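What follows is each chain in one-letter form.
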Amino acid sequence: MTTLTHRGRRAEAGRNSDKKPDGEEDGAADRDLNDDDPDDSKDIRLTLMEEVLLLGLKDKEGYTSFWNDCISSGLRGGILIELALRGRICLEPLSLRKKRLLERKVLLKSDAPTGDVLLDETLRHIKATESAETVQTWIELLTGETWNPFKLQYQLRNVRERIAKALVEKGILTTEKQNFLLFDMTTHPVSNATEKQRLVKKLQESVLERWVNDPHRMDRRTLALLVLAHSSDVLENVFTSLADDKYDVAMNRTKDLLDMDPEVEAAKARGAEMIWAVLAAFNKS
């Protein structure tokens with residue numbers, strides 16, 4: 001599990017009459033992604049997974065830290081949150097027997113294609129399961145961390161490379177080959193530094209100039225990205241360029257946010273339960 005560290009200790013490096021058909025609801029959910037953060041309307045639209053990977057990549061080298069063993073599961077958590085924000089999946093309703101986030105199963109709301117290969121592949125997996133699974137189980141299955149050989153079919157393969165290729169297509173990364181003595185590796189250096197700087201600035205401002213001290217007043221995608229950046233161990237990359245005083249403020253506020261009880265916050269958060277469920281899953285791991 002990742003931890004927040006301070007600079008001195010960080011390691012190197014509606015109603016029935018108004019109800020729309022399912023297809024229209026899915027399309028509306030996809031369009032609503034652009035309404036969550038008005039400042040992003042003029043920028044390239046990235047998925048949460050693409051944003052997490054972009055934050056984790058070394059700009060010139062084009063690869064993530066070799067010591068980061070958290071980003072794979074973090075990206076899978078991002079897939080679940082992205083699908084929930086797009087209205088494709090949700091958590092089963094609260095019941096007397098299943099009140100806790102980690103006990104509630106992930107349900108399919110719609111299998112309408114999203115247009116993203118990884119999201120649509122995950123939707124097919126969720127639809128194909130005989131019995132519903134929890135958020136934590138789905139993160140493990142999509143990562144391939146299961147002892148059940150019959151469940152290995154649900155593993156998403158080459159996720160980082162596929163996300164990187166999507167970022168190449170969007171003009172944010174480029175593709176190169178680097179030699180590492182014993183092997184050659186495909187790398188993806190940042191070619192559009194402006195887009196990454198915009199992303200970093202958005203997150204910095206969310207805990208500095210735009211800090212609201214209430215997760216339920218935050219833009220949901222920004223909240224989700226803070227959770228995922230922490231879970232993927234790339235949050236340090238967001239704040240490292242700040243002056244020492246601002247760095248401390250940003251880290252302390254983010255720590256306070258992530259230390260909140262997911263169970264309590266999810267009960268208040270209409271439409272953001274999956275974000276808190278993913279945080280709860282990583283807190284337990």
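See the structure shown above.
All figures in this text were calculated on a predicted structure; none of them were measured in a lab. (Residues numbered from 1 in each chain as written. Predicted model: local features only at pLDDT ≥ 70, side-chain atom pairs only at ≥ 80, totals over all residues. Heavy atoms only, no water.)

## Quick look at the overall build of the protein
Defined as follows: We count a stretch as a helix when DSSP gives it H or I for four or more residues in a row; a strand needs E for two or more, and each element gets its number in order from the N terminus. For the exposure calls, accessible area comes from a 1.4 Å probe over protein chains only, and a residue counts as buried if that area is under 20% of its type's maximum, exposed if over 50%, partly exposed in between. In these tables, accessible area is a Shrake-Rupley quantity obtained with a 1.4 Å probe, and a residue counts as shielded only by the protein chains included in the view.
The helix and strand tally for the protein stands at twelve helices and four strands. Within the protein, buried positions represent 48% of all 285 residues. When the accessible surface of the protein is summed, it comes to about 15000 Å², and 48% of that surface belongs to carbon and sulfur atoms.

## What about the nonpolar core?
This is how the line gets drawn: To qualify as a nonpolar core, a set must consist of buried Ala, Val, Leu, Ile, Met, Phe, Trp, Tyr and Cys residues joined through side-chain atoms within 4.5 Å. Contacts are residue-level and defined by heavy atoms, with any inter-residue pair within 4.5 Å sufficient.
Core analysis: the biggest nonpolar cluster contains 73 residues, and Leu55, Ile81, Val135 and Phe239 have the highest contact counts within it. Looking at this core element by element, the count peaks at nine residues for helix 12 (residues 273-284). Residue contacts for valine 135: discarding those within four places in its chain leaves Leu80, Leu91, Arg104, Val106, Met274, Ala277, Val278 and Ala281.

## Regarding helix 3 (residues 71-85)
As a reminder, the rule being used: A helix's residues, less one, multiplied by 1.5 Å, set its expected span.
In this model helix 3 runs 20 Å from its N-terminal to its C-terminal C-alpha over 15 residues, within 8% of the 21 Å that 1.5 Å per residue would give. The element helix 3 is largely enclosed, with a buried count of 13 among its 15 residues. Of the residues trailing helix 3, glycine 87 is marked for its positive phi of about 75°.

## Remarks on the packing of helix 3 against helix 5 (residues 135-143)
The packing of two helices is summarised by the inter-axis angle and the distance between the axes. Note the cut-off: Each axis is a line fitted through C-alpha atoms, taken for helices only over the stretch in contact, and angles between the N-to-C directions span 0 to 180 degrees. Our angle categories are set so that under 35 degrees counts as roughly parallel, over 145 as roughly antiparallel, 65 to 115 as roughly perpendicular, and the remainder as oblique. Helix crossings fall into two classes, left-handed where the near helix is turned counterclockwise from the far one by less than a right angle and right-handed where it is turned clockwise. By the convention adopted, Pro, Cys, Tyr, Trp, Phe, Met, Ile, Leu, Val and Ala count as nonpolar, Lys, Arg, Asp and Glu as charged, and the other residues, Gly among them, as polar.
The interhelical angle for the contact between helix 3 and helix 5, taken along N-to-C directions, is 125°, at an axis separation of 9 Å. Taken together, the axis directions place helix 3 and helix 5 in an arrangement best described as oblique. At the point where helix 3 passes helix 5, the crossing takes the right-handed sense. Of helix 5, the residues touching helix 3 (which contributes Ser72, Ser73, Arg76, Gly77 and Leu80) are Val135, Trp138, Ile139, Leu142 and Thr143. Classifying every residue of the contact of helix 3 with helix 5 gives five nonpolar, four polar and one charged.

## Overview of the packing of aromatic side chains
Two descriptors summarise a pair of aromatic rings, namely the distance from one centre to the other and the angle between the planes of the rings. Applicable threshold: Ring geometry is summarised as follows: Phe, Tyr and Trp rings, the Trp one being its six-membered ring, pair when their centres sit within 6.5 Å, and such pairs are stacked at plane angles under 30 degrees, edge-to-face over 60 and tilted between the two.
The final tally for this structure, using the stated rule, is two aromatic pairs. Taking 5.7 Å as the distance between ring centres and 70° as the angle between the ring planes, the aromatic pair formed by tryptophan 138 and tyrosine 154 counts as edge-to-face. Of this pair, tryptophan 138 sits in helix 5 while tyrosine 154 sits in the loop between helix 5 and helix 6 (159-169), placing them 16 residues apart in sequence. Neither residue differs from the other here; tryptophan 138 and tyrosine 154 are each classed as buried.

## Some points on the environment of alanine 277
One can find alanine 277 in helix 12. The residues contacting alanine 277, other than those within four sequence positions of it, are Leu91, Leu101, Leu102 and Val135.

## A few points about helix 7 (residues 193-206)
Across its 14 residues, helix 7 extends 20 Å between first and last C-alpha, which sits within 8% of the 20 Å expected from 1.5 Å per residue. Counting buried positions along helix 7 gives ten out of 14 residues, so the element sits mostly inside the fold. The inward-facing, buried residues of helix 7 contact helix 2 (48-56), helix 8 (220-231) and helix 9 (235-239).

## Some thoughts on unusual backbone geometry
At asparagine 158, a position not held by glycine, the phi torsion is positive, near 55°. Within the secondary structure layout, asparagine 158 lies in the loop between helix 5 and helix 6. Exposure remark for asparagine 158: the relative accessible area of 60% places this residue in the exposed category. One non-glycine residue with positive phi stands out, namely aspartate 233, at about 60°.

## Thoughts on the pattern of salt bridges
To keep things clear, this is the line we draw: Any Lys or Arg side-chain nitrogen found within 4 Å of a carboxyl oxygen on Asp or Glu counts as a salt bridge.
The tally for this structure, following the rule as stated, stands at 15 salt bridges. A salt bridge links lysine 196 to aspartate 59; the nearest nitrogen and oxygen atoms lie 2.6 Å apart. With lysine 196 in helix 7 and aspartate 59 in the loop between helix 2 and helix 3, this pair connects stretches of sequence that are 137 residues apart. You can call lysine 196 buried: its relative accessible area is 10%. Glutamate 82 is the salt-bridge partner of arginine 221, the closest N and O atoms lying 3.1 Å from each other.

## Section: the side chain of glutamate 263
The line we're drawing: For this analysis, a polar contact is any N or O atom pair within 3.5 Å, provided that within protein one partner can donate a hydrogen and the other can accept it, and provided that sequence-adjacent residues contribute only side-chain to side-chain pairs.
Along the chain, glutamate 263 turns up in helix 11 (residues 262-268). Here leucine 101 takes part through its backbone nitrogen, which lies 3.0 Å from a polar atom of the side chain of glutamate 263. For glutamate 263, the contacting residues outside a window of four places in its chain are Lys99, Arg100, Leu101 and Leu102.

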